[in-house]
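Observations on the three-dimensional arrangement
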Amino acid sequence: MAGTATLSLPIIDLSSPDRISTAKSIHQACVEYGFFYLVNHGVDEDFIKQAFDQSANFFSLPIEDKIKLNRKEYRGYTPLYAEKLDPSSLSKGDPKESYYIGPLTDTTSVRLNQWPSNELLPNWRPTMESLFWKILSAGKELLSLIALSLNLDENYFEKISALNKPEAFLRLLRYPGELGPNEEICGASAHSDYGMITPLLTNGVPGLQICKEKLKQPQEGEDVSHVEGAIIVNIGDMMERWTNCLYRSTLHRVMPTGKERYSVAFFMDPPSDCVVECFESCCSESSPPRFPPIRSGDYLNQRFKLTYDSERELKCSFQSKS
Ligand SMILES: O=C(O)CCC(=O)C(=O)O
Ligand SMILES: [Fe+2]
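Residues numbered from 1 in each chain as written. Chains lettered and ligands numbered in written order. Predicted model: local features only at pLDDT ≥ 70, side-chain atom pairs only at ≥ 80, totals over all residues.

To be explicit about the condition: UniProt positions are given in the numbering used here, feature names are shortened, and annotations may be inferred rather than shown by experiment.
In the annotation of an unreviewed UniProt entry, the protein is listed under the name Fe2OG dioxygenase domain-containing protein and assigned to Medicago truncatula. Quoted verbatim from the Sequence similarities (unreviewed entry) field of UniProt, the annotation for the protein is "Belongs to the iron/ascorbate-dependent oxidoreductase family."

Structural data, given as structure tokens:
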């Protein structure tokens, strides 16, 4: 984007045998940016391309077909303008459409997922299921390195039950191109993600920006450039709470560029009953915890209420399970 700085984010190699040095690089990336690229993550490029093709197949269906799968229980289709990620923004909503797939990890809530029929979109469901498992596996591996990066045991997230049945949501996104560049309108308004980490894939069309200064107005964005085959990972608010703000949950947004853009975000949240409280390695007498402990499910519900129409009764998987 003209006049906007482009960031060169750190690159983390998930398959490096030197886990200690990788953990150090993660530490630095999370303190400085809250964002990094993940390479050698095990999700192969051809498969990613197939998944983007399938995502495009869904979004190019007639609106009547898409609306039949309208979001219920946080799963399914959300049309253009249904969401406003920055609740303080005066816009009518974010110009993007999306499709949510809820956790496949939980035998009870998995049935809440909605799927286009195999006749309508052959092989769509298995492709997305496979994408879910592949990104989950990279995410779990990454979380063991994040634990190491915080001087915790590499199985720490399993030990605090954050990873046994993670509330991972796969979200397919499409930003229409025809809106054209417009400074007032963001494809996704500035926000931070709510959970532990968000691995993100894009089809290479630019638009994603990081706003490093949370409180600055108007917000200034720096472009995140595309690195072929890499997963972009950002730290979420719950990780920020766990680490007493050592690791940054950085504001980001998607600006329109006049080109149609696709992305896939994978929100990795702890299960609803997991209590998020400051890690021992991140607080001390001189730096006491800044946030009280909170159940992950309660925290997420508060945040979702602000993002979506606040009048609407929210019923999330984490409520129906507990
Ligand atoms: O589409 C993107 O690149 C980012 C999406 C995003 O930040 C989100 O959905 O939380
Ligand atoms: Fe986000």
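**Looking at the overall build of the protein**
This is how the line gets drawn: Counting from the N terminus, the helices are the DSSP runs of H or I reaching at least four residues and the strands are the DSSP runs of E reaching at least two. To sort residues by burial, count the other C-beta atoms lying within 10 Å of each one's C-beta; a count of 20 or more means buried, 12 or fewer means exposed, and anything in between means partly exposed. C-beta atoms are built from the backbone. Here, residue contact means that the backbone-derived C-beta atoms of the two residues sit within 7 Å.
When helices and strands are counted, the protein shows eight helices and 15 strands. When burial is assessed residue by residue, the protein has 40% of its 322 residues classed as buried. Taking as baseline every contact in the protein between residues at least 6 positions apart, the subset at least 24 positions apart corresponds to 76%.

**Notes on the site of ligand 1**
The condition is simple: Using a C-beta atom placed from the backbone for every residue, we mark a residue as near a molecule or strand if that atom lies within 6 Å of it. Under the scheme applied, nonpolar residues are Ala, Val, Leu, Ile, Met, Phe, Trp, Tyr, Cys and Pro; charged residues are Asp, Glu, Lys and Arg; polar residues are all the others, including Gly.
As a matter of local geometry, ligand 1 sits amid Leu173, Ala188, Asp193, Leu200, Thr202, Leu208, His252, Val254, Ser263 and Ala265. Looking at the shell around ligand 1, its residues break down into six nonpolar, three polar and one charged.

**A few points about unusual backbone geometry**
Although it is not a glycine, Asn123 adopts a positive phi angle of roughly 70 degrees. Among the secondary structure elements, Asn123 is positioned in the loop between strand E5 (97-101) and helix H4 (124-149). In this structure Asn123 comes out as exposed when scored by C-beta crowding, with 11 C-beta atoms within 10 Å. Unusually for a residue other than glycine, Ser161 sits at a positive phi of about 60 degrees. Tracing the sequence through the fold places Ser161 in the loop between helix H5 (156-159) and strand E6 (167-175).

**Section: the pairing of strand E12 (residues 251-254)**
Rules: A pair of strands is treated as paired once DSSP finds two or more bridges between them.
Going residue by residue along E12, you find Leu251 and Arg253 tucked away on one face and His252 and Val254 tucked away on the opposite face as well. Direction of pairing for strand E9 (residues 208-211) relative to E12: antiparallel, over a ladder of four bridges. Considered in E12, the bridge of Leu208 is made with Val254.

**A look at the nonpolar core**
Defined as follows: By convention in this section, buried Ala, Val, Leu, Ile, Met, Phe, Trp, Tyr and Cys residues joined through C-beta atoms within 7 Å make up a nonpolar core.
Core analysis: the largest hydrophobic core is formed by 71 residues, its most contacted members being Phe36, Leu38, Leu142, Leu143, Leu170, Ile197 and Phe266. For this core, the element with the most residues is H4, which contributes 11 residues. Leaving out residues up to four positions away in the same chain, Leu142 has contacts with Leu14, Leu38, Ile197 and Val233.

**Overview of the environment of Val39**
Of note, Val39 is situated in strand E3 (residues 35-39). Given 16 C-beta atoms within a 10 Å radius, Val39 is considered partly exposed. Linking Val39 and Ile231, residues 192 residues apart in sequence, is a C-alpha distance of 6.6 Å. Beyond its immediate sequence surroundings of up to four residues, Val39 is in contact with Ile11, Asp13, Gly229 and Ala230.

**Things to note about the sheet that holds E9**
Strands belonging to one sheet form pairs held by backbone hydrogen bonds; the direction of such a pair is parallel or antiparallel. The mixed open sheet is built from five strands, whose spatial order is E1-E10-E9-E12-E7. Here the strands that pair on one side only, and so sit at the sheet edges, are strand E1 (6-7) and strand E7 (188-191).

**Re H4**
Where we set the bar: Every helix has an expected span of 1.5 Å times one less than the residues it contains.
Here H4 contains 26 residues, and its C-alpha end-to-end distance of 37 Å stays within 8% of the 38 Å for a straight helix at 1.5 Å per residue. One or two residues past the end of H4 sits Asn151, with phi positive at roughly 60 degrees.

**Here we look at the sheet that holds strand E13 (residues 261-269)**
Here is the rule: To obtain an axis, a line is fitted to C-alpha atoms, over the contacting stretch when the element is a helix, and the angle between two such axes runs from 0 to 180 degrees between their N-to-C directions.
Strand order in this open sheet of eight strands is E2-E3-E11-E8-E13-E6-E5-E4, and the pairing throughout is mixed. Bordering the open sheet on either side are strand E2 (11-13) and strand E4 (76-78), each of which pairs with just one other strand. The mean angle between the axes of side-by-side strands here comes to 25 degrees, regardless of whether they run parallel or antiparallel. Bridge count between E6 and E13: nine bridges; the pairing is antiparallel. Along E13, the bridge assignment pairs Leu172 with Val264. Contacts between helix H1 (residues 19-32) and the sheet are confined to E2, E3 and strand E11 (231-235), with E2 contributing the most and set at about 150 degrees to the helix. Against the sheet, helix H2 (residues 45-59) engages E5, E6, strand E8 (197-202) and E13, with an angle of about 105 degrees to E13.

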